[in-house]
There are 4 protein chains.
Amino acid sequence: MSYEDLLFQNPGPTNIPSRVLDAMRRPIMDYRSDAFREIFLDCQNGIAKVLRSSGPVVIYPTTGHGAWEAALVNVFSPGDRILVLDMGFFSRGWADYARRFGLDVQILQGNGSEGINYDELFRLIDGDTGPRRFAGVLVTQCETATGAMADCARVREVLNAAGHPALLLVDVISSLACADFRMDDWQVDVAAGASQKGLMMATGLCFTGLSEKALAASEKATLPRAFWDWGKALMGGRIQVNPPGTAPVQMFYGLHESLAMLFEEGLDSVLMRHERTARAVRAAVARWGNEGEVELFVEESIASPSVTAVRMKSGKGAEAIRSIALQEYKVQVGAGLGELHDKQFRIGHMGRLSAAQAIGALAGLEMAMRSHGLRLGEGAINAAMSELQHAAN
Amino acid sequence: MSYEDLLFQNPGPTNIPSRVLDAMRRPIMDYRSDAFREIFLDCQNGIAKVLRSSGPVVIYPTTGHGAWEAALVNVFSPGDRILVLDMGFFSRGWADYARRFGLDVQILQGNGSEGINYDELFRLIDGDTGPRRFAGVLVTQCETATGAMADCARVREVLNAAGHPALLLVDVISSLACADFRMDDWQVDVAAGASQKGLMMATGLCFTGLSEKALAASEKATLPRAFWDWGKALMGGRIQVNPPGTAPVQMFYGLHESLAMLFEEGLDSVLMRHERTARAVRAAVARWGNEGEVELFVEESIASPSVTAVRMKSGKGAEAIRSIALQEYKVQVGAGLGELHDKQFRIGHMGRLSAAQAIGALAGLEMAMRSHGLRLGEGAINAAMSELQHAAN
Amino acid sequence: MSYEDLLFQNPGPTNIPSRVLDAMRRPIMDYRSDAFREIFLDCQNGIAKVLRSSGPVVIYPTTGHGAWEAALVNVFSPGDRILVLDMGFFSRGWADYARRFGLDVQILQGNGSEGINYDELFRLIDGDTGPRRFAGVLVTQCETATGAMADCARVREVLNAAGHPALLLVDVISSLACADFRMDDWQVDVAAGASQKGLMMATGLCFTGLSEKALAASEKATLPRAFWDWGKALMGGRIQVNPPGTAPVQMFYGLHESLAMLFEEGLDSVLMRHERTARAVRAAVARWGNEGEVELFVEESIASPSVTAVRMKSGKGAEAIRSIALQEYKVQVGAGLGELHDKQFRIGHMGRLSAAQAIGALAGLEMAMRSHGLRLGEGAINAAMSELQHAAN
Amino acid sequence: MSYEDLLFQNPGPTNIPSRVLDAMRRPIMDYRSDAFREIFLDCQNGIAKVLRSSGPVVIYPTTGHGAWEAALVNVFSPGDRILVLDMGFFSRGWADYARRFGLDVQILQGNGSEGINYDELFRLIDGDTGPRRFAGVLVTQCETATGAMADCARVREVLNAAGHPALLLVDVISSLACADFRMDDWQVDVAAGASQKGLMMATGLCFTGLSEKALAASEKATLPRAFWDWGKALMGGRIQVNPPGTAPVQMFYGLHESLAMLFEEGLDSVLMRHERTARAVRAAVARWGNEGEVELFVEESIASPSVTAVRMKSGKGAEAIRSIALQEYKVQVGAGLGELHDKQFRIGHMGRLSAAQAIGALAGLEMAMRSHGLRLGEGAINAAMSELQHAAN
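Treat the numbers as computed from the prediction; the structure is a model and nothing was measured. (Residues numbered from 1 in each chain as written. Chains lettered and ligands numbered in written order. Predicted model: local features only at pLDDT ≥ 70, side-chain atom pairs only at ≥ 80, totals over all residues.)

1. Quick look at the overall build of chain A
Reasoning step 1: Tallying secondary structure elements over chain A gives 13 helices and 14 strands in all.
Reasoning step 2: Taken against the 2.2 N^0.38 rule, which gives 21 Å for 393 residues, the C-alpha radius of gyration of chain A at 21 Å falls within 12% of a compact globule.
Reasoning step 3: In terms of its C-alpha atoms, chain A occupies a principal-axis envelope of roughly 60 × 55 × 35 Å.
Reasoning step 4: Within chain A, the fraction of its 393 residues that count as buried is 62%.
Reasoning step 5: Once local pairs closer than 6 in sequence are excluded, the contacts in chain A between residues at least 24 apart make up 74%. (Helix = DSSP H or I, 4+ residues; strand = E, 2+ residues; numbered from the N terminus. Rg over C-alpha atoms; globule rule 2.2 N^0.38 Å. Buried ≥ 20, exposed ≤ 12 C-beta atoms within 10 Å, placed from the backbone. Contact = placed C-beta atoms within 7 Å.)

In structure tokens form, the structure reads like this:
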């Protein structure tokens, strides 16, 4: 199995650009040196800029699940009640982490294809009073397992309308640098993200962005913490370039480069490009589904700019298609997760992806589905091309 | 201008696979060592295998034009008459080299879109007698400037039918490892090739494959030669791993890897894949041309599996399309050369290229042409996809 | 500041071999694929082999401090008493982690240059009875801050002699693949290690090796855990190739290659090479100290094969020497940590390091110290060369 | 055999810096694009700057032997008489090329260890009158086979003193960017160089720098030429970025980077560093020879800053030492060439090489020689260190 000519459309990690891989390939340097400190600070500042945040950013040398844990243990105390908006596989995963630390988790069940009912959310929040009211609300901006978006600005409005003091924690792992996110404007208290999606980097760095309110909360929070402790990270001493242990120099080389690429293209341009590509992907899937055997998993109104889930109307066969797409047409897409296994496949369209590559991937998938004998509506590729026409405008 | 997400469809050099670039990145070694000698010999043997030749191969550390010069100076003497089948820009270039060395060059003019008239060739060869008859016939298997193929087997038949003793020299630069080539079976005397096309390597290595007859001719040939001299290269002493000077170790690392990739995929599979991809490209261009403003440059019967030239019916505008394709859709294609500048663009489809990537490139070109306001026939991408359906079979 | 011609002698991370950096540079693959699973399992098995362990290995996508935390939270419960052998900066760091999780930490103070007093340890262990006796003993095999070794086999003897049931936890971060370690033979219960020292990899992977006894303890341990939870990691389902979140594919590519290099050289050969190089370094430092102004920090009997600390007899000036060595002679060495800052520098000699490179580094340091006006004993480099003579035997 | 921890001290190609290998690893670009043209022109200008030349530079995509041939065929006509200063293996090689093109070669025999007798040269030049006087004088600035330098400025003085119109051609392959060279000041007419020595690049690019006089000569010269023709290269049309065929893009990426490194360090600093390192190497060899079994091959007055040949007093055994140095001590040095095989080994000290690495290499060689049982004088390494003390001053 060769990866040479693969179009890698997993919904993260994304295809890592050559510039980033090259940066990771450079000779190691002393991570306690001034030269490295500069690279590290650029990375911190760059992530804050992508988060549109004026607050501090703590980078951890690990995966996004680390950011989940860091977000929780720094602001909560055992027994705290929290509300989790359940969008699917990954938001449930975060809730599971919370329960393991002894938090009292209440779930607001979202609808798989329609997302969160914000009226229901308002009733819940507005009615939540008394000493044991929610200490935090956990939102997954993009549920990577389905490609459904939560409206973080609206969650903030609900909290403010109800005058509820809960911290707002947002998982931006598969949405950052793909969808609009405004940490300051939306008064998000903790944003938990990772390197391997919209940031176009290898897997292995994650981070939490913090508000002043989150920082204040961390001083009172009593969950035990050492590795993830913000206090250690933010003391500002020169040794603290990467708080828990040795800084992974090669990773920071890579992140430094991928952030540079983002800012060269321009964050707004990057977001528009993601919107455009996602519209093209959905246009193709919609055509396939017109008297065909697959369909979009989520409603247009909550569809993610970074990942699109394609549901098998028959409820099965997604794995066979993934396998043909990979082996015969050299297009890698993501599997359905958990209970959705074999019921859907997921097309990642995050990171650096040209219009031509996106069409190539869709064409590869269409050929794979036809090879498998699936009935598909006509005109999918042309519909996608129409959306991408004038890509650079 | 970023090259990160580019589909690189120049008709050579091709997109260099990661495995090959990685190989070129390895630490240098002593080029006079046994370990390097093994790499070098593997490369020699590998090229012979791709040429389907049992004769020696002389590798030079330079570009394909070097192979042109090497082929000429080793077998000819000043004043020798030779026949050049003129297929376009590059065959004319080789003829120019011959003239500069004092050879008496006769041209058999091919037709741009229909190629060589083999009856005419037979008449010419059959009537060529006497002491000053042709010492050699120069054929460019694939004219990279137009994508027209010459039929080398048929040229050999003509020579044999006429009992003509001329050496048969073939430029396989843009056809080797893309189109069928059979050095032994077709009694080709000198094959001149290079690394950066079907062999998927970086530019910088070229080679001549030789028949026994060519080797014998080289002993009598009196054109001056030093750098290109086969005699130096074939003495077989251990210092001769790469005759003219220091062996470019990084280049041989790369060629060693790209040959390994070829043989892993299987030479026959590679050729079939090129045929299939080329059919898909031509199917798309044919549809575009159906009441549209572009068309195929050459007839189907002589169309190359490695490069397809697309002619602007209006005789201009190719450069504008190339520019839009590159800037807006991230598809790089080749320019028209010489008198064909701006009159055509050329799609390279050689080397490692998946079905999905090929469709992506065609879609990018279609979007670029539509952006430019060109009228195009419908159904091009679907037609290409039909050809690539069941790509792995 | 260029890193091109630097001899990188930090006591971790080490100079990363080209083969490993090249492996990390390969195109990404699906971390849920069979092909990746094989790479992952090879890494798990390889680490077990280096640990000389028949038990399971849990790999985490982060730094060695992560292995510290993982070791603690999986086997202990709040309030558990533990004994920490204090060897210096890093063993104290681990103790600090333990306190933050509410463990009751007792310190056995080692002597900086002479190490642990095992008689004192025996008295302490032997007298430790009753319901609140030590649940675990924490040992740092090599204290990276001083280059002092603890004798793990002897700690095990003490525990067995006293019939004490405490778990034995060992930090092998800067000793693994440098010094002898025998997890099974010494009945070590948890070994905590990382990628960037003797394993020659980039920073960013760590691991815990477990005994059956540790695994059993983890089932009763009540410290909260999610990210680090062994249970999640060892369920053995196919999704669990790297338990907490997305597997860092590039990192595993690199580890796979560095383990291959270790086994090609042979673990025993690697250990002997480290011993020999360390003897050479100490021979040089001893000569410098003969009527000179620097000396070895620790006694020969506890000197590490991976790192050697060089103490300024005057108690200051180490930073100036590090700076000259780096800027003028292109030799990077480590700083004194914490209270030892400026009082010593540390020469790392772990990972892939040839005899010639080791001498080069020592010569660079000697030139730097002389440039700084330090008085040094004669014959240091010759003494080191004598130790390295017949390096390959 | 691993190359990971090797000190690579061949007298070219040199150890290629990571920055250069990384540059060569970048994705390919269109060699006919403006972006590439800029890279190419930077390379041309950079080489001119290193040559200290105001004249044009023609870069060829091949090895230094190509520059030899290019220099000859562009300025001479069949039967021209030329004078070659015979310094050893490589200057004889160039003479051989000249003979193969029908030039009438007269040799001025240099003395292996003392070099050229300039009085003898003056007598020869001054007495050379009439119609068939020398059309050119060929000088090898550094004879790589022995490390002997020719004094190009003095050759120019001789020609001027005699009022002799011969072209002055200099092979700077193993001296450029190591030793002082002044094309304009010394009125050198053709300088022939290559990428893989002082320029720190991979093997595969070479070049000729030209004076106006050389250019004028080329218009009258009648040796046949196509691939090497300056006229083609200097037409200045945009297609001519790299005259003979496809430009080797990866190579130019690398050269662009290595030239940048040279200018960052500063050409004067680079030359001084080479002088200093060479003095250190010779100091060591001189000590070894003090009642020992090896000695310097050439006199101090003509010793090269880039390569030092070490002669076995017994006349044999150099190969055994090279083998031990490589296998046991990981130091690669060059072999004796031609008749000097086994009689000497050659230490390359060109390109990026730190003081510490140089000492490491010398130490490795000393250990290898002692392993082989050779008697050596004492104090070699200390003597070398004394020369390198205050390396950055």
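This is not the end of the story, as more comes after the structure.
2. Brief notes about the relation of the copies chain B and chain D
Reasoning step 1: Least-squares fitting of chain B to chain D yields an RMSD of 0.0 Å, with the transformation described by 0.0 Å of translation along the axis and a rotation of 180°. On the angle and the small slide along the axis, the relation comes out as a two-fold axis. Taking C-alpha positions as the reference, the residue of chain B nearest the rotation axis is B:Thr62, at 2.4 Å.
Reasoning step 2: Mapped onto chain D, 100% of the interface residues of chain B are again interface residues, and the two copies thus contact each other with one and the same surface. (Least-squares fit on C-alpha atoms with pLDDT ≥ 70 in both.)

3. Digging into the sheet that holds strand 9 (residues 190-194) of chain C
All names here are of chain C.
Reasoning step 1: Taking strand neighbours across the sheet as the criterion, the seven strands line up as 2-10-9-8-5-3-4 in an open arrangement whose pairing is mixed. The open sheet has two free edges, formed respectively by strand 2 (57-60) and strand 4 (104-109), since each of these has just one partner strand. In this sheet, adjacent strand axes meet at a mean angle of 20° when their direction is disregarded.
Reasoning step 2: Against the sheet, helix 4 (residues 89-100) contacts strand 3 (81-86), strand 4, strand 5 (136-140) and strand 8 (167-171), and its axis sits at roughly 165° relative to strand 3. (Pairing = 2+ DSSP bridges. Axes fitted to C-alpha atoms, helices over the stretch in contact; angles between N-to-C directions.)

4. Focus: the UniProt feature "binding site: substrate" (unreviewed entry) in chain A
Residue and element names in this part refer to chain A.
Reasoning step 1: Following the UniProt record, one finds the feature "binding site: substrate" (unreviewed entry) at Arg 346.
Reasoning step 2: With respect to the helices and strands, Arg 346 occurs in strand 14 (residues 344-348).
Reasoning step 3: On the basis of neighbour counts, which here come to 25 C-beta atoms within 10 Å, the residue Arg 346 falls in the buried class.
Reasoning step 4: For Arg 346, the contacting residues outside a window of four places in its chain are Pro 11, Gly 147, Val 307, Thr 308, Ala 309, Val 333 and Gly 334. (UniProt positions renumbered as here; feature names shortened; annotations may be inferred.)

5. Observations regarding the pairing of strand 3 (residues 81-86) of chain A
Residues and elements named next belong to chain A.
Reasoning step 1: Among the six residues that make up strand 3, five are buried, leaving the element largely enclosed by the rest of the structure.
Reasoning step 2: Summarising the sheet, strand 3 and strand 4 (residues 104-109) pair through six bridges and their orientation is parallel. Residue pairing across strands places Leu 85 opposite Leu 108, the latter belonging to strand 4.
Reasoning step 3: Each parallel crossover has a hand, and the one from strand 3 via helix 4 (residues 89-100) to strand 4 is right-handed.
Reasoning step 4: Here strand 3 pairs with strand 5 (residues 136-140) via three bridges, running parallel. In the strand pairing of strand 5, Val 84 is matched with Leu 138. (Right-handed = clockwise from strand over helix to strand, strands pointing away.)

6. Thoughts on the packing of helix 11 (residues 318-327) of chain D against helix 12 (residues 355-371) of chain D
All names here are of chain D.
Reasoning step 1: With their axes 9 Å apart at the nearest point, helix 11 and helix 12 run at an angle of 120° to one another. Comparing the axis directions of helix 11 and helix 12 gives the class oblique. As for how helix 11 packs across helix 12, the hand of that crossing is right-handed. Listed contacts from helix 12 to Ile 321, Ile 324 and Ala 325 of helix 11 are Gly 364, Leu 365, Ala 368, Met 369 and Ser 371.
Reasoning step 2: Across the contact of helix 11 with helix 12, the residue classes tally to six nonpolar, two polar and no charged. (Parallel < 35°, antiparallel > 145°, perpendicular 65-115°, else oblique. Left-handed = near helix turned anticlockwise from the far one by under 90°. Nonpolar A, V, L, I, M, F, W, Y, C, P; charged D, E, K, R; others polar.)

7. Considering the domain arrangement of chain A
All names here are of chain A.
Reasoning step 1: Segmenting chain A into domains produces domain 1 (18-263) and domain 2 (267-388).
Reasoning step 2: One C-alpha centre belongs to domain 1, the other to domain 2, and the line joining them spans 28 Å.
Reasoning step 3: For the side of domain 1 that touches domain 2, the elements supplying multiple residues, two or more each, are strand 7 (148-149) and helix 9 (249-265).
Reasoning step 4: Taken together, the residues of the side of domain 1 that touches domain 2 break down into 12 nonpolar, eight polar and three charged. (Domains from an automatic or database assignment.)

8. Quick look at the interface of chain B and chain D
Reasoning step 1: Taken together, the 46 residues of chain B in the interface contact 46 residues of chain D.
Reasoning step 2: At the level of secondary structure, the elements contributing two or more residues to the side of chain B that touches chain D comprise helix 1 (18-24), helix 3 (64-75), helix 4 (89-100), helix 9 (249-265) and strand 13 (331-335) of chain B.
Reasoning step 3: When its residues are assigned to classes, the side of chain B that touches chain D shows 24 nonpolar, 16 polar and six charged.

9. Looking at the interface of chain C and chain A
Reasoning step 1: Each partner contributes residues to the interface: chain C has 46 residues there, and chain A has 46 residues.
Reasoning step 2: Sorting the residues of the side of chain C that touches chain A by element identifies helix 1 (18-24), helix 3 (64-75), helix 4, helix 9 (249-265) and strand 13 (331-335) of chain C as the ones contributing at least two each.
Reasoning step 3: Broken down by element, the residue count for the side of chain C that touches chain A peaks at four residues, all from helix 3 of chain C.
Reasoning step 4: Looking at the side of chain C that touches chain A residue by residue, the classes come out as 24 nonpolar, 16 polar and six charged.

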